[in-house]
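One-letter residues, chain by chain:
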Amino acid sequence: MITFPLALFIISVAAFTFLFTKWFIRYADSLQITDVPNSRSSHTKPTPTGGGVIFVLVCIISLIIYAYQIGYSNSPLLIFSAILLIMAIIGWFDDKHNLSRKLRYGAQSAAAIAVIVFISNMNTFHLPYLGLMDLGLIGFVFAFVWITGAPNIYNFMDGVDGIASMQAIGASAGWMYLASIWQMPELLVINLLIFISVTVFLWFNWAPASVFMGDVGSLFLGFLFAIMPFYAAYLPGSLEIGLLIWIAAIMLWPFLFDGAYTIFRRAMKGEDILQPHRSHLYQRLYELGWPHYKISLLYGVFTIISVSCAILYVTVPEGGRLTILLFLLIGSYVYAGYVKKLEYNL
């Protein structure tokens, strides 16, 4: 049931995001904070970038106010917010100054360690039929790779208008639903903030985009969804981190598959996987003449399917979980094969 305070909260977040995004577009344009097209771009004219700073600030400020209202003066919620803010700051400076790869990854590594030490570690991992497995120190490595890897893939996938916003809206909606049935108000508030602010931002980010979210937005969102299972595992009454990590991965499946598939494909061809490229599946669709909106809608449908699968993954028995994973994997390879067939017939 939507109460008056909740309705006022939703309207306020939406209004602030809308008004300040409009202001930021004019501000970025006047100071030439723009993304100028190059050989790897999927847009054709200079466009204001870094607009994600608006939903970042709206979310962080709202979380701090929420933490104060519920009496948390020193809690993982504040640590959670601080880590996200630091990642957003790194992204903002990267948008403006193209930070070195070492500095970026160093900051991401420090953030990953902070999550593992101060919020929750990854001491278990779940495998269908085998159940929860005790990882010990290996869990630290798995958690580190996940927390540093998923945000970078999210960042790489922010290449056409609206695609990263659509993924965030879908994933936050999925976490909101799970938070409601698990009765975890903190988790619900975090994802409600993302859902509202990014949905409003999508109005300006949809093709043809008036503003890009930039690294400040995509790194923030990538880290948010990467560390969401760790924060959820900290909350009372939650599932084990070993199962929650699957839920997080399935919700981000469209991005994770495209990123992982592309890295593997390039590695098999002997290419340097750290060098910039235009080999993602969504980029190949763009090269085939697909417009931005069509690609984003396609990935939006993938996101709806993936989020639905993540919710089912929580409730179905072990055999059903394995079926869900196989469905996603087989369906994704069918999609990759379809893109390859389109290129072959061109």
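Residues numbered from 1 in each chain as written. Predicted model: local features only at pLDDT ≥ 70, side-chain atom pairs only at ≥ 80, totals over all residues. Heavy atoms only, no water.

Okay, the packing of helix α9 (residues 241-251) against helix α12 (residues 292-315) next. Two elements in contact, α9 and α12, have axes separated by 7 Å at closest approach and are oriented at 165°. Considering their axes alone, α9 and α12 lie roughly antiparallel with respect to each other. As for how α9 packs across α12, the hand of that crossing is right-handed. Listed contacts from α12 to Leu 243, Trp 246, Ile 247, Ile 250 and Met 251 of α9 are Ser 306, Val 307, Cys 309, Ala 310, Tyr 313 and Val 314. Taken together, the residues that form the contact of α9 with α12 break down as ten nonpolar, one polar and no charged. (Axes fitted to C-alpha atoms, helices over the stretch in contact; angles between N-to-C directions. Helix = DSSP H or I, 4+ residues; strand = E, 2+ residues; numbered from the N terminus. Parallel < 35°, antiparallel > 145°, perpendicular 65-115°, else oblique. Left-handed = near helix turned anticlockwise from the far one by under 90°. Contact = heavy atoms within 4.5 Å. Nonpolar A, V, L, I, M, F, W, Y, C, P; charged D, E, K, R; others polar.)

Turning our eyes to something else, we now look at the layout of surface pockets. Its volume calculated, the second largest pocket comes out at about 450 Å³. Together, 17 residues line the second largest pocket, and Trp 146, Ile 245, Trp 246, Ala 249 and Leu 256 are the ones closest to its centre. Elements supplying a minimum of two residues to the lining of the second largest pocket: α5 (138-157), α9, α10 (253-268) and α13 (318-345). Considering every element that reaches the lining of the second largest pocket, the biggest residue donor is α5, with six residues. (1 Å grid on protein atoms, 1.4 Å probe; cavity = no way out; pocket = protein on both sides within 12 Å on 5 of 7 lines; lining within 4 Å. Points joined across faces, edges and corners; volume = space filled by probe spheres on them.)

For the rest of this paragraph, the subject is helix α4 (residues 101-118). Given a rise of 1.5 Å per residue, 18 residues ought to cover 26 Å, and the 26 Å separating the end C-alpha atoms of α4 matches this to within 8%. Arg 104, Ala 107, Gln 108, Ser 109, Ala 111, Ala 112, Ala 114, Val 115 and Ile 116 are the residues of α4 that are buried. Next to the buried residues of α4 lie α3 (76-97), α5 and α8 (214-234). (Expected span 1.5 Å × (residues − 1). Buried < 20%, exposed > 50% of the residue type's maximum accessible area, 1.4 Å probe, protein only.)

Here we take up the pattern of salt bridges. Counted according to the given criterion, the structure contains seven salt bridges. The salt bridge partner of Asp 215 is Arg 104, with a shortest N-O separation of 3.3 Å. Note that Asp 215 is positioned in helix α8 and Arg 104 in helix α4, a separation of 111 residues in sequence. We note that Asp 215, like Arg 104, is buried. (Salt bridge = Lys/Arg side-chain N within 4 Å of Asp/Glu carboxyl O.)

Counting residues in each nonpolar core, the largest one holds 112 residues, and the members touching the most others are Trp 146, Trp 175, Leu 187, Phe 220, Leu 221 and Phe 225. Apart from residues lying up to four places away in sequence, Trp 175 is in contact with Trp 182, Leu 187, Asn 191, Phe 225, Met 228, Pro 229, Ala 232, Leu 244, Ile 247, Ala 248 and Met 251. (Core = buried A, V, L, I, M, F, W, Y, C linked by side-chain atoms within 4.5 Å.)

Quick look at the packing of α10 against α12 now. Put simply, α10 and α12 touch, their axes get as near as 8 Å, and they point 115° apart. Comparing the axis directions of α10 and α12 gives the class roughly perpendicular. Between α10, through Trp 253, Pro 254, Phe 255 and Asp 258, and α12, the contact on the second element is made entirely by Tyr 299, Phe 302, Thr 303 and Ser 306. Residue classes in the contact of α10 with α12 are distributed as five nonpolar, two polar and one charged.

With 24 residues, α12 extends 35 Å from end C-alpha to end C-alpha; this agrees with the ideal 34 Å at 1.5 Å per step. Taken together, the buried positions of α12 are His 292, Ile 295, Ser 296, Tyr 299, Gly 300, Thr 303, Ser 306, Val 307, Cys 309, Ala 310, Tyr 313 and Val 314.

On to empty space enclosed by the protein, then. Here the structure, examined in full by the defined rule, presents one cavity of 30 Å³ or more. Every residue along the wall of the largest cavity is listed here: Cys 59, Ile 60, Leu 63, Leu 84, Ile 190, Leu 193, Ile 194, Phe 220 and Leu 224. Within the residue set of the lining of the largest cavity, elements represented by two or more residues are α2 (52-69), α7 (185-205) and α8. Grouping the constituent residues of the lining of the largest cavity by class yields nine nonpolar, no polar and no charged.

A cis geometry characterises the amide bond from Ala 207 onward to Pro 208, with omega recorded as -5°. If you trace the backbone, Pro 208 turns up in the loop between α7 and α8. Its identity is not glycine, yet Asn 98 carries a phi of approximately 50°, on the positive side. Turning to its location among the elements, Asn 98 is positioned in the loop between α3 and α4. Positive phi, close to 60°, is recorded for Gln 183, a residue that is not glycine. Mapped onto the fold, Gln 183 is located in the loop between α6 (163-182) and α7.

Here we take up the pairing of strand β3 (residues 124-127). Bridge count for β3 against strand β4 (residues 131-134) is four bridges, and the pairing is antiparallel. Note that in β4 the partner of Thr 124 across the bridge is Asp 134. Hairpin connection, β3 to β4: the antiparallel pair is bridged by three residues, and Tyr 129 has positive phi, about 75°. (Pairing = 2+ DSSP bridges.)

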